[in-house]
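So the chains spell out like this:
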Amino acid sequence: MPSDELISHIQTKANIVNVVSAYIPLQDSRKALKGRCPFHPDTNASLMVSQEKNTFKCFGCGKEGGPIEFLMAVEGKSRTEIAGRLAVKLGLVHDMRTA
Ligand SMILES: [Zn+2]
């Protein structure tokens, strides 16, 4: 299991905008970026992405979190799997078996 320290490191280092926009197109709104939520049938871009907080929140279905939670939900994978992959990608560890 990845340590809490590693998890929080990933949550700040992985850019939520890059993570989310790899799956759904994001558009600028006044305070945040928004897009169609991939977690419920969404017709009016309920998913907000805050660059400032590095988090997302859907006002339709209530799903929220950081980059790890987004990837877990969108890919249906475990926290360990996502954290391990991001840690390697971000250069925080060299091998995900040590994450
Ligand atoms: Zn939603």
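Residues numbered from 1 in each chain as written. Predicted model: local features only at pLDDT ≥ 70, side-chain atom pairs only at ≥ 80, totals over all residues. Heavy atoms only, no water.

A. Seen up close, the pairing of strand β4 (residues 55–58). Side chains F56 and C58 of β4 all project onto a buried face; the interleaved residues T55 and K57 project onto a face where none is buried. By the bridge criterion, four bridges tie strand β3 (residues 47–50) to β4 in an arrangement that is antiparallel. Of the residues in β4, the one forming a bridge with M48 is K57. Linking β3 back to β4 in an antiparallel pair, the connection comprises four residues, with N54 at a positive phi of about 60 degrees. Here β4 pairs with strand β5 (residues 64–65) via two bridges, running antiparallel. By the bridge assignment for β5, K57 is matched with E64. Between the end of β4 and the start of β5, which pair antiparallel, lie five residues, with G62 showing a positive phi angle near 85 degrees. (Buried < 20%, exposed > 50% of the residue type's maximum accessible area, 1.4 Å probe, protein only. Helix = DSSP H or I, 4+ residues; strand = E, 2+ residues; numbered from the N terminus. Pairing = 2+ DSSP bridges.)

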